[in-house]
Amino acid sequence: MSVSMLAFFLIGLLVHLIFFASIFDIYFTSPLVHGTTPHRTPLPPPAKRLVLFVADGLRADIFFELDENGQTRSPFLRNVVEHSGSWGVSHTRVPTESRPGHVALIAGFYEDVSAVAKGWKENPVEFDSVFNESKYTWCWGSPDILPMFAKGASGNHVYTHMYPAEKEDFAAQDASKLDTWVFSEVKDFFEFAKSNKTLSNKMSADQVVYFLHLLGLDTNGHAHRPMSSEYKENIHTVDKGIQEVVSVIEDFYRNDKKTAFIYTSDHGMTEWGSHGAGHPSETLTPLVAWGAGVNGPLVSSNQQFQDDFLQEWKLNDWKRLDVNQADIAPLMAALIGVPFPLNSVGILPLEYLNNSDQFKAECMLTNTMQILEQFTVKMIHKKETTLSFLFSPFKPLPLSKGQDMLRTARLYIQQQQYDKAISLCKSLINLALEGLSYYHTYDRVFLGISVVLGFVGWTSYAFVLIVKHHTRLSKPISKLDKLPSSDHLPAVFIGAGVVITLFLQIQSCPWTYYIYCLLPIPVWYAVIKEFRVIQSVINLLLTHPAKSIGYLLLLILGIETMIASFFHRQILTFGLLSFAGWPLLSKLFHQNKVMSLSWILFSFVLAVFPLMPVVGRSPNIALVTGAGLLTVICSFIFLCSFKTAKAKPVETTVNRCVYAAQIASIVLSIYILNTTHSSLAVKHGLPLISQVISWITLASSLLMPLLSSTFLFQRLLSINLSLMSTYLLLSTGYEALFPLVLSCLMFIWINLEQETIQFHSISPVEKLSMINFAQKADRTQVRYLGLDDIRRSYFFIFFIVTAFFGTGNIASINSFDPASVYCFLTVFNPFVMGALMMWKILIPFVIVMCAFESIQVSTHLSSNSLFLIVLVISDIMALHFFFLVKDYGSWLDIGTSISHYVIVMSMTIFLMFLSRLAATLTTWRIGLQEKIKQHFT
């Protein structure tokens, strides 16, 4: 007896959640190694204290370049570069986001990728940092950054001073006030310390760190773009503030020459005001160091770099010392003599140090010991949890070789052969880092095979259910059809499960490994039990081999087209243009030429959107206004068509009032959008009345349709009008036209599918205009699946993918423009902003889902068979993307690979959620006692 469909859906939800979670165990386990001990350089450090300035969102090119008058925007820091310090470019290994950038700078490792699940806000695991190793650290700046370095710090020695989150306002008249607040607080702090002996004694200790986080540039960059006067003026404001703070600090310590200063940035920013990907404007940040223990300017006239920045910046004569961002953490540790952060993978940039060769060699040896210990602990742990005959060590670096190289390096230092010691240490560090990566990915193949077996098994089972319950292929089971060995099947699979469990227990594997490895057993048992169904499918394929191969190739081509569109949006254009030919290839064109030509026209129009730019666009409120006016015009055309229809439902006063209110809401949205952006343009902030009306519009968008008639076209029009008013408030350019064109195409699709049913049906088909969503469905009209239903399911998935990528690549943070939510809020709030953007993304989904709900009702399509077909197609896509998930490269690469997998894995969950939402929007009516439509099962 087969499992009920409700149980199948619940089990399917659980299975897909397991498949989704598996990528975090396979690709995104923590890179941190626990159980290592601190290592510090035995020689006295050159500095007693360190001041770290981080200008959030500062690009290297705009900082170093000269303005149109040939003058620098940072006269103080430019003077440091030319006369008293060292400089270079810090190359960030992205994600170029604030948290990962600061972790690399201060903790010396590239962000624990499991932080992606927490939006980079909370520490998935606690980590060591220069702040934690210091005697005392005082921090000033943003509440988004400072707490993560105070949280988990041993003892009570990291002090934070933060402004309220409300100050991070993109609509503020002058975001540089965030930086002047920091400078003012620091100056007041040092002034207060002069009269507070307890505080003064703490500040006079060795190994003290002062951290100034400067968020003004990032905020101005998002709000006005990096090429704006606001951003460039902010650079000058920061330079002036740093000059004043340096003077205050030097005065407080009476110019004892024991303070080291470092100025850098966590990430850069694109010209359109975003960051997160791997563009050079995002990954190249400035680094300026000066003070105790830091080299002065080095003269060099023959410098070779791939870029031409030296010529542009007029810095040819001063040696440029480039580093990786994580290298700054060991530099800070060496300057003040604290242990290198335990999980740092940075390599000490010796050229920045102004000290003896012995000190440099000792620091390099300490750096090597700290990284080698991470490798050693990781290797021992993996060896202890793996059966000896299965363990495969990292051959280039056996433990004995690492210890021998360390002893040799110590011997070179004793013999004062410092260059040899440094060279040997760098070689050992590179080997240790390779070994760390090797052991970090050690179980990846094993887990990957287990998940793939589960994936294929589940997809096969879903296919079996389709054939068994929704086609004519299934036959009553006879004793002759019974699998000869079926009586032994349970014992075989139970035995396999016991063997796998014992194997995992011996290796002390985490509990999640048991789930991934044991899941394929019940799934494949369920598939093999239905061998008769599989046999029927094989017989059918062998009966019509040419036709079967043709349909199979067509399906594979269709699925691969959708997969390719995730990487290249332009392929959606190719798909939509192919869809345009559907009425011409079928007999629909002769049945209804007007609808067929309309389908072709709107398919061509919708095909334009994937060709439009995703990022780098300037807001164009005029286009949004035009989209709103077109929506009003189209709504009047639809209302007129309802009145002139041959078969039409009775008009009511309530309906007319609802439509009038919704059209008025669209006009009001246009007005609010224009007034809001006009106010922000002159820096008057977000008007309160605009904000209130925007939130009311959003809240009412799902309630207004429930007041309208439940007749098919009338309810669909009401839903689309409500969603459009919200979408307009969340738009900044051409994307406002997208849901309008999509809605028109969906209306036409519903009509054409009805024509298809009329063509194939013997009995008369009910007029679309007379179909009432609230009427109870007739179960006697349920039918078996046909090829047209597979096409309908494919169209549905393709339109869902188009809704995802039609106006942008939501897998990339660079597609996010804060200006989209300015009608609702301008104060930085990542969760509210993210929720608003997610609703903007979901609105086209709801439009597609409601259209498909209509097709399901009008064509008497079984919702269960629809679900299973979509499940099989989406799981095939998910399996493809499973092999493409990355845990390296830029945030664009990592985020895109995760998002692609998440999108297709969430297809089932989205379908269940959206089908319920669509059913509610189409069938419920507030204030009326009507029966709710029940779908076929």
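Remember, predicted model here, so these are calculated numbers, not experimental data.

**As for the overall build of the protein chain**
Looking only at helices and strands, the protein chain has 36 helices and eight strands in total. Counting the 937 residues in the protein chain, one finds 56% classified as buried. By element, 62% of the accessible surface of the protein chain is carried by carbon and sulfur atoms, the whole surface being about 39,300 Å².

**Topic: the nonpolar core**
Counting residues in hydrophobic clusters, the biggest one holds 141 residues, and the most contacted among them are F8, W599, W749, F796 and F799. Here this core gets 17 residues from one element, more than from any other, and that element is helix α33 (residues 830-858).

**A few points about the side chain of R791**
Structurally, R791 is set in helix α32 (residues 787-805). Under the relative-accessibility criterion, R791 is labelled buried at 16%. With residues near it in sequence (within four places) discarded, R791 still touches W582, W749, E753 and T756.

**Brief notes about empty space enclosed by the protein**
Rolling a probe over the atoms, with the probe sized like a water molecule, indicates the empty space that remains. Applying the stated criterion to the full structure yields nine cavities of 30 Å³ or more. Quantified by volume, the largest cavity comes out at close to 110 Å³. If you trace the largest cavity, you find 13 residues lining it, with T631, L717, N720, L740 and S743 closest to the centre. Secondary-structure elements contributing two or more residues to the lining of the largest cavity are α27 (621-644), α30 (712-729) and α31 (738-760). Per-element accounting of the lining of the largest cavity gives the leading share, five residues, to α31.

**A short note on helix α13 (residues 328-336)**
The element α13 is largely enclosed, with a buried count of nine among its nine residues. Listing the buried residues of α13 in full gives I328, A329, P330, L331, M332, A333, A334, L335 and I336. Looking one or two residues past α13, G337 carries a phi angle of roughly 80°, positive in sign.

**As for the sheet that holds strand β8 (residues 323-324)**
As summarised here, the arrangement of the eight strands in space is β4-β3-β5-β1-β6-β7-β2-β8, forming an open sheet in which the pairing is mixed. Of all strands in the sheet, those with a lone pairing partner are β4 (158-162) and β8, marking the two edges. Examined bridge by bridge, strand β3 (residues 136-141) and strand β5 (residues 208-214) share five bridges and lie parallel to one another. What sits directly across from Y136, in β5, is V208. On the sheet, helix α7 (residues 177-193) packs against β3, β4 and β5 and is oriented at approximately 155° with respect to β5.

**Quick notes on the packing of helix α18 (residues 489-506) against helix α19 (residues 511-518)**
Put simply, α18 and α19 touch, their axes get as near as 10 Å, and they point 155° apart. As judged from the angle between their axes, α18 and α19 are roughly antiparallel. The interaxial crossing formed by α18 with α19 has right-handed handedness. On α19, the residues touching G497, I500, T501, L504 and Q505 of α18 are Y513, Y514, C517 and L518. Within the contact of α18 with α19, the residues separate by chemical class into six nonpolar, three polar and no charged.

**Considering unusual backbone geometry**
A positive phi angle, near 60°, is found at Q207, a position not held by glycine. With respect to the helices, strands and loops of the structure, Q207 is situated in the loop between α8 (197-203) and β5. Phi at Q416 takes a positive value of approximately 60°, unusual for a residue other than glycine. In this structure, Q416 sits in the loop between α15 (399-414) and α16 (418-440). Overall, the relative accessible area of 58% leaves Q416 in the exposed class.

**A look at the environment of I500**
With respect to the secondary-structure elements, I500 resides in helix α18. Given the relative accessible area of 26%, I500 is considered partly exposed. The sequence separation of I500 and L518 amounts to 18 residues, and the corresponding C-alpha distance is 7.3 Å. When near neighbours in sequence (up to four residues on either side) are disregarded, I500 contacts C517, L518 and I521.

**Describing the packing of helix α14 (residues 357-384) against α15**
For the pair α14 and α15, interaxial distance at closest approach is 11 Å and the crossing angle is 170°. With respect to each other, α14 and α15 are oriented roughly antiparallel. Across from A361, E362, L365, T368, M369, L372, T376 and M379 in α14, the residues of α15 making contact are L399, G402, Q403, L406, A409, R410 and I413. Partitioned by chemical class, the residues of the contact of α14 with α15 number nine nonpolar, four polar and two charged.

**A few points about the confidence of the model for the protein chain**
With 87% of its residues at a pLDDT of at least 70, the protein chain reaches an overall mean of 84. Mean pLDDT across the elements of the protein chain bottoms out in helix α35 (residues 891-905) (69) and peaks in strand β6 (residues 259-264) (98). Across residues 810-814, confidence stays below pLDDT 50; counting only partners more than four residues off in sequence or on other chains, it has 20 contacts. Taken as a whole, residues 928-937 scores under 50 in pLDDT and shows 35 contacts with residues more than four places along the chain or in a different chain.

**Some details on the environment of T160**
In this fold, T160 is placed in strand β4. Apart from the residues within four sequence positions on either side, T160 is in contact with C139, L146 and A150.

**Thoughts on a nonpolar patch on the surface**
Taken together, I549, Y551, L552, L553, L554, L555, I556, L557, L787 and I790 make up a surface patch of nonpolar side chains, about 960 Å² in accessible area. Element by element, the count of residues in the nonpolar patch is highest for helix α22 (residues 545-567), at eight residues. Structurally, Y551 is set in helix α22. Take Y551: its relative accessible area is 42%, and that puts it in the partly exposed class.

**Re the side chain of S265**
Assignment of secondary structure puts S265 in the loop between β6 and α11 (280-283). A relative accessible area of 0% places S265 in the buried class. A polar contact is formed between the side chain of S265 and the backbone oxygen of A55, at a distance of 2.8 Å. S265 has contacts with V54, A55, D56, G57, L58, L105, T285, P286 and Q325, leaving out every residue within four places of it along the chain.

**Brief notes about the pattern of salt bridges**
Under the criterion given, the structure shown has 18 salt bridges. We note a salt bridge from D788 to R791, for which the minimum N-O separation is 3.4 Å. Taken together, the positions of D788 and R791, both in helix α32 and three residues apart, correspond to about one turn of that helix. Sharing partners across several salt bridges, the network here consists of E753, D788, D789, R791 and R792.

**Thoughts on the pairing of strand β2 (residues 85-91)**
Burial runs high along β2: six of the seven residues are buried. Summarising the sheet, β2 and strand β7 (residues 284-291) pair through seven bridges and their orientation is antiparallel. Bridge pairing links W87 to V288 in β7. In this structure, β2 lies alongside β8, joined through two bridges in parallel fashion. In the strand pairing of β8, S90 is matched with V323.

**Concerning the packing of aromatic side chains**
A full pass over the atoms with the stated rule returns 55 aromatic pairs. For the pair F190 and Y210, a centre-to-centre distance of 5.2 Å together with 55° between the ring planes defines the contact as tilted. Taken together, the residues F190 in helix α7 and Y210 in strand β5 connect sequence positions 20 residues apart. A relative accessible area of 0% places Y210 in the buried class.

Cut-offs used in this document
- Starting afresh in each chain, residues are numbered from 1 along the sequence in its written order.
- Local features in this predicted model are restricted to residues of pLDDT 70 or higher, and side-chain atom pairs are both shown and tallied only at a pLDDT of 80 or more, whereas totals for entire chains, interfaces and linings draw on every residue.
- The side-chain figures draw on all heavy atoms in the structure; neither hydrogens nor water molecules are used.
- For the purposes of this entry, the term helix denotes a DSSP run of H or I that reaches at least four residues, the term strand denotes a run of E that reaches at least two, and both are numbered from the N terminus.
- Accessibility here uses a 1.4 Å probe with only protein chains present; expressed as a share of the type maximum, an area under 20% marks a residue as buried, one over 50% as exposed, and anything in between as partly exposed.
- To measure how exposed things are, a 1.4 Å probe is used in the Shrake-Rupley method; for residues, cover is taken only from the protein chains shown.
- Buried residues of nine kinds, namely Ala, Val, Leu, Ile, Met, Phe, Trp, Tyr and Cys, make up a nonpolar core once their side-chain atoms join them within 4.5 Å.
- Note on contacts: a residue pair is in contact if any heavy atoms of the two residues lie within 4.5 Å.
- Note on definitions: the grid is 1 Å and covers protein atoms alone; a cavity is a set of points where a 1.4 Å probe fits but cannot get out; a pocket is an open set with protein on both sides within 12 Å along at least five of seven lines; lining residues have an atom within 4 Å of a point.
- Grid points are joined across faces, edges and corners, and a volume is the space filled by probe spheres set on the points.
- Strand pairing requires that DSSP identify at least two bridges connecting the strands.
- Lines fitted to C-alpha atoms define the axes here, with helix axes fitted over just the stretch in contact, and angles between the N-to-C directions of these axes take values from 0 to 180 degrees.
- With respect to orientation, any angle under 35 degrees is reported as roughly parallel, any angle over 145 as roughly antiparallel, any angle of 65 to 115 as roughly perpendicular, and every other angle as oblique.
- Throughout, a crossing is termed right-handed when the near helix is turned clockwise from the far one, and left-handed when it is turned anticlockwise from it by less than a right angle.
- Each residue is assigned to one of three groups, with Ala, Val, Leu, Ile, Met, Phe, Trp, Tyr, Cys and Pro labelled nonpolar, Asp, Glu, Lys and Arg labelled charged, and all others, Gly among them, labelled polar.
- Values of pLDDT, which run from 0 to 100, indicate the predictor's confidence residue by residue.
- Patch membership needs two things, relative accessible area over 30% and no salt bridge, and members are linked within 9 Å if like-charged or within 5 Å if nonpolar (Val, Leu, Ile, Met, Phe, Trp, Tyr).
- Each reported salt bridge corresponds to a side-chain nitrogen of Lys or Arg within 4 Å of a carboxyl oxygen of Asp or Glu.
- Pairs of N or O atoms within 3.5 Å make up the polar contacts considered here, provided that, within protein, one atom can donate a hydrogen while the other can accept it, and that residues adjacent in sequence are counted only when both atoms are side-chain atoms.
- Centres within 6.5 Å are what make two rings of Phe, Tyr or Trp a pair, Trp counting through its six-membered ring; a difference in plane orientation under 30 degrees is then read as stacked, over 60 as edge-to-face, and the rest as tilted.

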